[in-house]
Amino acid sequence: MKFDRPATENPIDQMKIVGQPVDRIDGPLKTTGTAPYAYEHHEAVNNPAYGYVVGSAIAKGRIRSIDVTEAERAPGVIAVVTYRNAGKLGKGKFNTANLLAGPDIQHYHQATAIVVADTFETARAAAQLIRIDYERIRGVYDVAAVKDTGVMPKTIGGGGPPDTAVGDFAGAFAAAEVQLDAMYTTPDQAHAMMEPFASTAKWDGAHLTLWTSTQMVDWTATDLALTLDIPKENVRIISPYIGGGFGGKLFLRADALLAALGARAAKRPVKLALTRPFTFNNSIHRAATIQRIRIGMTTAGKITAIAHESWSGDLAEGKPESGVAQTRLLYAGANRMTATRLAVVDLPEANAMRAPGETPGSMAIEIAMDEMAEALKLDPIAFRVMNETDVDPENPARPFSQRQLAECYRVGAERFGWDKRSATPGQLRDGRWLVGTGVAAALRKNALMRSGARVRLDQTGKITVETDMTDIGTGSYTIIAQTAAEMMGVPLDRVTVRLGDSTFPVSAGSGGQWGANCSTAGVYAACTKLRDAIAARIGFDPANARFADGRIHSAERSVPLAQAAADGEIVAEDLIEFGDLAKTHQQATFAAHFVEVGVDIATGETRIRRMLAVCAAGRILNPKSARSQVIGGMTMGAGAALMEELAVDKRLGFFVNHDLAGYEVPVHADIPHQDVIFLDETDPMSSPMKAKGVGELGICGVGAAVANAVYNATGIRVRHYPITLDKLIAHLPEMA
Ligand code: MOS
């Protein structure tokens, strides 16, 4: 199905099942610990061996020699694979560094060997016996020091050109009545998902079956085949449950490749999970950003010039983290420019994490907007609304398909009690706490990706959906079942959803918050075909057939679905493909985030007291799972604001705090109260579902709302994340 005209009325608009807050179908499996993860497909894999990965001890250089004889002789060891005996390896499209190093070393903890043994413990013990002699080369590990060597990259994360310019920024900025010119930084961050990278590999002759934890089944199948240099048809990927990805599992990683290589060498299935301390430097991370923002205004508060530049580091051939994406779209202003620069560093590979681009970018621009509002003595909301736009500011011929940001502010201000806020910072005291509130805008693009599905009607009237879509804890199983039930006119318990298998039609996968809208639109397309096939089977005119109550109805007749399939299962497959509506209309999701913090006047500790997100994101397919997505995003935003930071060893080139004791993420006690409101919205430009995504919208802007609240509480403006107490304590007022 080609989607190239705005959606008109369709069966989803009934909203009998879609749009209802039904419980997660996979909930009981998750809460009882019976959903099998990549390491746990015990029935499918007999007598597995266990893999343990060795990582490079240097960040840059070469392996001079590698001695595995002692390891190979250790009791229980079946095979040791290094670059010398791995066979010919190709390269996938998505990973920058090689997933198996040698002889060159491109980053610290790049995998140098896999040891396969009878047990995990024997594999781990034998791994300590491998002797590697390295030739170390001095690398570059301090992105701030090499920022000015940054070059314009070919592409940026999230797409779009690296640089844009409209009007005369320099002239308009110089002439502006009020100016801001400030630098902001965000640190390197880790995904820190709960389930580590894990795979189980099994070869049958030339055919490989890999149970793995991936957000994108088809990308992983493609890249694994390319890397192993075997036909893609010989690779089957199975990934039904994923314990979080956050962007870290978008691409083929070392666990999958090394499990496959280990199983081939051992002639036995191999299970492999990366240990937690290994994941931080072996996999990918979000690169630190350095951002410069300049805004020129009239004294009345109109933006006349706006510029946002972002620098970040990655390996050569990598992609920078872009901070500028939202600034291209959020505010009006006739003269504007954005620029993205990539400085080459030898740290582990940087890539997508938790709304790449807009997350760190919003953390900067939304502080800048708070600073400007204060300079102009304007309320931060009034100031933002004054600079709203209905069209893409870089391309005024392109309107937004929907843009309810001003309404998000209005509803949020009322719910949050914004009118009680003191415009002057440092005014509100609650015992030892200095209390303040902050607001920030969120914009996250609505990406459209083709997505396929197969739908079956069996002789008992049951519907089965098959697609290689994944559920990374987001609720895909549930919203896909709701979509099929609505389309086919059956109750939810008559629908079975099967996901995460490369033998199913290729879907949009889970990334960039496109999964919900695109994967359900693919199911919509397949169900439309199935409806036609059912009607044709029993001689109904498909145009006038109605599906409800487990039956197909025409004007005169009504037949149970089970009877329609009496002569055999009816199967339909289709995919949604998107035309030019994303070109003619700028499609995005919007939110206003409100945060109240308390800052301890003695210790400088910041505690979040309450959070509110008001979201406008198209049709909400399931308010319960959507709310969970948004509060998850808000929690990640709190982490980015207050605690998450990879500490870089700038001499040796690695992330030092590579475990969950040193890399802090929020826990329940850090997040006392969260509230989410969804504005009523349907977007006929986005898909037949009229939906968009919400997961990444939940994180964008939160960091700045926290920073602005800290400022309102204390009068201390922190422009360098995370806002840890050392950045506050010297500036706190004298204790009363
Ligand atoms: Mo997302 S960072 O595209 O999984």
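Criteria and cut-off values
- Residues numbered from 1 in each chain as written.
- Predicted model: local features only at pLDDT ≥ 70, side-chain atom pairs only at ≥ 80, totals over all residues.
- Heavy atoms only, no water.
- Pairing = 2+ DSSP bridges.
- Helix = DSSP H or I, 4+ residues; strand = E, 2+ residues; numbered from the N terminus.
- Axes fitted to C-alpha atoms, helices over the stretch in contact; angles between N-to-C directions.
- Contact = heavy atoms within 4.5 Å.
- Parallel < 35°, antiparallel > 145°, perpendicular 65-115°, else oblique.
- Left-handed = near helix turned anticlockwise from the far one by under 90°.
- Buried < 20%, exposed > 50% of the residue type's maximum accessible area, 1.4 Å probe, protein only.
- Arc of directions from axis to C-beta.

Side note on the sheet that holds strand β14 (residues 289-297)
Stage number 1. Ordered in space as β8-β16-β15-β14-β9, the five strands form an open sheet in which the pairing is mixed. Because the sheet does not close on itself, it has two edges, and the strands there are β8 (164-166) and β9 (178-186). For this sheet the average axis-to-axis angle between neighbouring strands, irrespective of direction, equals 10°.
Stage number 2. Here β14 pairs with strand β15 (residues 303-314) via nine bridges, running antiparallel. Bridge pairing in β15 links Ile-290 to Trp-311.
Stage number 3. Along the sheet, helix α10 (residues 358-375) makes contact with β9, β14 and β15, crossing β14 at roughly 35°.

Structural notes on the packing of helix α13 (residues 476-488) against helix α14 (residues 515-538)
Stage number 1. Contact pair α13 / α14: the axes reach a minimum separation of 9 Å and the direction vectors enclose 30°. Judged by the inter-axis angle, α13 sits roughly parallel to α14. Crossing hand, α13 versus α14: right-handed. Side by side, α13 and α14 meet where Ile-479, Ile-480, Thr-483, Ala-484, Met-487 and Met-488 of the first sit next to Ala-516, Ser-519, Thr-520, Val-523, Tyr-524, Cys-527, Thr-528, Leu-530, Arg-531 and Ile-534 of the second.

Here we look at helix α3 (residues 120-127)
Stage number 1. Turning to α3, its buried residues are Ala-123, Ala-126 and Ala-127. For α3, the angular spread of buried residues about the axis comes to 105°, placing them on one side.
Stage number 2. Next to the buried residues of α3 lie β2 (49-55), α2 (69-73), β4 (77-81) and β6 (111-117).

With respect to unusual backbone geometry
Stage number 1. The omega torsion across Gly-102 and Pro-103 is -10°, close enough to zero to call that bond cis.
Stage number 2. Mapped onto the fold, Pro-103 is located in the loop between β4 and β5 (104-105).
Stage number 3. Going from Tyr-721 to Pro-722, the amide bond is cis rather than trans, its omega being -5°.
Stage number 4. Tracing the sequence through the fold places Pro-722 in the segment after α18 (702-714).

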